[in-house]
Amino acid sequence: MASSEGFLTEEQREMLKIASQNAEVMSSLSLSSSPKSPGPRSPRPKSPGQNSSVLSEHHHVKAPGGGHSAMVGGVAVRHVRRSHSGKLIRVKKDGAGGKGTWGKLLDTDGESFIDRNDPNYDSGEEPYELVGSTVSDPLDEYKKAVVSLVEEYFTTGDVEVAASDLRELGSSEYHPYFIKRLVSMAMDRHDKEKEMASVLLSALYADVIMAAQISQGYFMLLESADDLALDILDAVDVLALFIARAVVDDILPPAFITRASKMLPESSKGFQVLQTAEKSYLSAPHHAELVERRWGGSTHLSVDEVKKKIADLLREYVESGDTSEACRCIRQLGVSFFHHEVVKRALVLAMEIRTAEPLILRLLKEAADEGLISSSQMVKGFTRLTESLDDLALDIPSAKKMFQSVVPKAISEGWLDASFVKSSGKDGEKSEEKDEKLMRYKKEVVTIIHEYFLSDDIPELIRSLVDLGMPEYNSIFLKKLITLAMDRKNREKEMASVLLSALHIEIFSTEDIVNGFVMLLESAEDTALDILDASNELAFFLARAVIDDVLAPLNLDEIASMLPPKSSGSETVCMARTLTAARHAGERILRCWGGGTGWAVEDAKDKIQKLLEEYESGGVVSEACQCIRDLAMPFFNHEVVKKALVMAMEKKNDRMLELLQECFSEGLITINQMTKGFNRIKDGLDDLALDIPNAKDKFKFYVEHAREQGWLLPSFA
């Protein structure tokens, strides 16, 4: 702004005038605000910037009329009024008054406090205080409880109490964390605690903690091996020994090591643990005994020792008949969670020695009445025996009949829970007939599958299944087929997959195949005990079924929904999904077993035709028998019988009967194969009669001859 007044416009002059008035008002306010000052203060000189600041403020405040309103002390003039004394005082906004006024309605600016001694005191008027509280995590609570449980077990060594406490703790879904905590605590202690931890896990297996949870718990330990190694110097070796011990004790399948190795980085400590367990402990000669004794053994008995002691005490009881002494010996074993073995072995002994049955039943009743053998252990013992009845019946023909008579008697006397009948599904003769039918089917099916692996004759296999006439067991056939194939070479695995495609087209429904795979995956843990790479093999069979359009991809979800979560079967389904989703999955999976299925059926038939023609033209019987033997196809010998009979009809030469007689006498062609060959001729007799007019008469003659020589089964019509 110019210093000379002559250069100011009229508007600027007006603004300067208003600013001067504001300055005077500010000065008067400052003097009136300090009435107790000792004397009049001399006005401070204004700085050159003061007016300019006031001017700048003035530009931003407008009067209601549209013009600029005067500012008093940096406030609009409408907020300033003159008192009766002639002094200008500032008024509060919103009509709240100033000094000496009542203030506005509901004015809460003043401080207030609550007097607890006031008769009108209301505790509800107290100000609220937000108190922070931590939300408890069930897993954290479980981990804390588990620590005290493990500490107590290491102190007392009482397996029964530890198992009971764990069961009462509930939260069974957290059992893998129990395994992790138990083993990690034992790793940092002496050999005694390590041995105790292994014994406890063996006792809890299947009864309190499921097999899948055992595997999950050990895998969690492998994942945390790097952290454990920071606190425990020999963590890799100790954890490897724990895993080896679990395999030896049959609570971890050997396939766990292979499966877990694929899920861990090779640079991790967990991978080193698995390598150590496999190479240093499980591959050594007599590794089971070495692993069991590594921590100096235990005051507890091993499983085999307990079984031997149970067998001995039962034998002594049968000889002496002293029930109280037998109960004392059972109690002295101190293995209440293994009493189902006592029940099972006692019943088997009663089947072997029929005269001992009354004594055995009296012992079991006494043990149940005393509470020595719990109801759950009794039911478990009966259930285990039910599962092995088929095998027992091979050695003890009356086993099933005896078992069926014992069950109702035990229930009526009150020492076997009635729920056993519902869970086992045994309803007398009807159920027994069903079991016999199923057992017969399984035997027939094994023969048919073996024959197929040798002959590669899919049409013949389909005819055999149709002849059996049991389509309700199709899923069992699938389970048996893949189980047998997994234990053989790639050729048989490829043949099994090709057969599945053919069966799906001909006689199997998608439901049959889904149910068969579910049965396979449910028993995957048991299969893995015999076939180390069972999980991977099953995943390839599932993936191959999808690629071959036997199963739809959605069927994998259906199969997974029918399996327990986080089980080895569920993991196998996930692996199959991964295989089918991979790039170029179709080509890779189709060639996973090398492709091809071995000998073609026509090749085998051609070889049989040539050796029979050579024999018919003057060959030696012994040489022909050797050629049949060299074929190494005993399950396809019915083709030899069929072709020999047809050739005998065509050539009108009964020399072929001599060859069949020699083969039967040597056991080269069995009575089953001989009967099957004759049946095949009978089925095609009408077609044969078109080319050989006297075929029916000839066949009748051959049948009579075969019956005289004992070649045919009595069932042959």
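What counts, and at which threshold
Residues numbered from 1 in each chain as written. Predicted model: local features only at pLDDT ≥ 70, side-chain atom pairs only at ≥ 80, totals over all residues. Heavy atoms only, no water. Helix = DSSP H or I, 4+ residues; strand = E, 2+ residues; numbered from the N terminus. Buried < 20%, exposed > 50% of the residue type's maximum accessible area, 1.4 Å probe, protein only. Contact = heavy atoms within 4.5 Å. Areas by Shrake-Rupley, 256 points an atom, 1.4 Å probe, with all protein chains shown as cover. Patch = residues over 30% accessible without salt bridge, like charges linked within 9 Å, V, L, I, M, F, W, Y side chains within 5 Å. Salt bridge = Lys/Arg side-chain N within 4 Å of Asp/Glu carboxyl O. Lys, Arg positive; Asp, Glu negative; His and termini not counted. Charge placed at Lys NZ, Arg CZ, Asp CG, Glu CD. Core = buried A, V, L, I, M, F, W, Y, C linked by side-chain atoms within 4.5 Å. Arc of directions from axis to C-beta. Expected span 1.5 Å × (residues − 1). Phe/Tyr/Trp six-rings, centres within 6.5 Å; stacked < 30°, edge-to-face > 60°. Lys NZ or Arg CZ within 6 Å of the ring centre and 35° of its normal. pLDDT = per-residue confidence, 0-100. Disulfide = S-S within 2.5 Å. Axes fitted to C-alpha atoms, helices over the stretch in contact; angles between N-to-C directions. Parallel < 35°, antiparallel > 145°, perpendicular 65-115°, else oblique. Left-handed = near helix turned anticlockwise from the far one by under 90°. Nonpolar A, V, L, I, M, F, W, Y, C, P; charged D, E, K, R; others polar. Polar contact = N/O pair within 3.5 Å; in protein donor to acceptor, adjacent residues only side chain to side chain.

Draft legend 1. Structural detail: the overall build of the protein. Of the regular secondary structure elements, the protein holds 37 helices and 4 strands. The proportion of buried residues among the 717 residues of the protein is 42%. If you take every contact in the protein between residues at least 6 apart in sequence, the share linking residues at least 24 apart comes to 73%. In the structure as shown, the protein presents an accessible area of about 39900 Å², 51% of it carried by carbon and sulfur atoms.

Draft legend 2. Summary view of a negative patch on the surface. On the surface, a cluster of negative charge is made up of Asp 188, Asp 226, Asp 227 and Asp 231. Tracing the backbone shows Asp 227 in helix H8 (residues 225-231).

Draft legend 3. Molecular detail of unusual backbone geometry. Backbone geometry places Asp 250, a non-glycine residue, at a positive phi of 65°. The residue Asp 250 is located in the loop between helix H9 (235-248) and helix H10 (255-261) in this model. Positive phi is not limited to glycine here, since Asp 456 has a value of about 60°. Within the secondary structure layout, Asp 456 lies in the loop between helix H21 (429-455) and helix H22 (458-468). Classification of Asp 456 by relative accessible area gives buried; the value is 12%.

Draft legend 4. Expanded view of the nonpolar core. Phe 178, Tyr 218, Leu 222 and Phe 242 are the most contacted members of the largest nonpolar core, which totals 61 residues. What Phe 178 contacts, discounting residues up to four positions off in sequence, is Tyr 142, Val 146, Leu 149, Val 150, Leu 166, Leu 200, Leu 204 and Ile 209. By size, the runner-up hydrophobic cluster in this structure holds 49 residues, among which are Ile 448, Val 518, Leu 520 and Ala 534.

Draft legend 5. Molecular detail of helix H32 (residues 621-630). Listed in full, the buried residues belonging to H32 are Ala 624, Cys 625 and Ile 628. Seen end-on, H32 carries its buried residues on one side only, within an arc spanning 100°.

Draft legend 6. Spotlight on the environment of Val 514. Here Val 514 shows up in helix H25 (residues 510-522). In this structure Val 514 comes out as buried when scored by relative accessible area, which is 2%. Each C-alpha atom, one on Val 514 and one on Glu 558, is 8.2 Å from the other, the two residues being 44 residues apart in sequence. When residues no more than four places from it in sequence are discounted, the contact partners of Val 514 are Leu 551, Asn 555, Glu 558, Ile 559 and Met 562.

Draft legend 7. Molecular detail of helix H33 (residues 637-651). Given a rise of 1.5 Å per residue, 15 residues ought to cover 21 Å, and the 21 Å separating the end C-alpha atoms of H33 matches this to within 8%. Most of H33 is tucked away: 12 of the 15 residues are buried. Among all positions in H33, only Asn 637, His 638, Glu 639, Val 640, Val 641, Lys 643, Ala 644, Leu 645, Val 646, Met 647, Ala 648 and Met 649 are buried. Trailing H33 by a residue or two, Lys 652 shows a phi angle of about 55°, which is positive.

Draft legend 8. Broad picture of the pattern of salt bridges. For the structure shown, the criterion picks out 25 salt bridges. When the shortest N-O distance is used, the salt bridge between Glu 195 and Arg 245 registers 2.9 Å. With a gap of 50 residues between them, Glu 195 in helix H6 (residues 191-204) and Arg 245 in helix H9 connect regions that are remote in the sequence. Of the two residues, Glu 195 and Arg 245, both sit in the buried class. Between Arg 345 and Glu 341 there is a salt bridge, with the nearest N and O atoms lying 2.6 Å from each other. Here Arg 345 and its partner Glu 341 are both found in helix H15 (residues 339-352), 4 residues apart, which amounts to about one turn of the helix.

Draft legend 9. Representation of the packing of aromatic side chains in the model. If you walk through the whole model with that rule in mind, you get 11 aromatic pairs. Ring centres of Tyr 452 and Phe 453 lie 6.0 Å apart, and the angle between their planes is 45°; this geometry places the pair in the tilted category. Both residues of the pair, Tyr 452 and Phe 453, belong to the buried class. Pairwise contacts between aromatic rings join Tyr 142, Tyr 174 and Tyr 177 into one cluster. One residue, Arg 655, lies across the ring of Tyr 615, its end atom 4.3 Å from the ring centre.

Draft legend 10. Main features of the confidence of the model for the protein. When pLDDT is averaged along the protein, the result is 78, and 78% of the positions lie at 70 or above. Below pLDDT 50 for its whole length, residues 31-79 participates in 42 contacts with residues either more than four positions away or in separate chains. Below a pLDDT of 50 lies the segment residues 596-600, which in the model reaches 14 contacts outside its immediate sequence neighbourhood of four places, other chains included.

Draft legend 11. Up close: the state of the cysteines. One pass over the full model with this rule turns up 0 disulfides. No disulfide involves Cys 327; its sulfur sits 9.3 Å from that of Cys 329, the nearest cysteine. Cys 625 takes part in no disulfide bond, and the closest cysteine sulfur, belonging to Cys 663, lies 3.8 Å away.

Draft legend 12. Main features of the packing of H25 against helix H27 (residues 534-547). Contact geometry of H25 with H27 gives a least axis separation of 11 Å together with a crossing angle of 165°. The angle between H25 and H27 places the two elements in the roughly antiparallel class. In this structure, H25 meets H27 at a crossing whose hand is left-handed. Here H25 contributes Phe 517, Leu 520 and Leu 521 to the contact with H27, which in turn contributes Leu 538, Phe 541, Leu 542 and Ala 545. The residue inventory of the contact of H25 with H27, partitioned by class, reads 7 nonpolar, no polar and no charged.

Draft legend 13. Representation of the side chain of Ser 523 within the structure. Structurally, Ser 523 is set in the loop between H25 and helix H26 (524-530). Its relative accessible area of 14% is what places Ser 523 among the buried residues. Within the local environment of Ser 523, its side chain forms a polar contact with the backbone oxygen of Met 519, the two atoms lying 3.1 Å apart.

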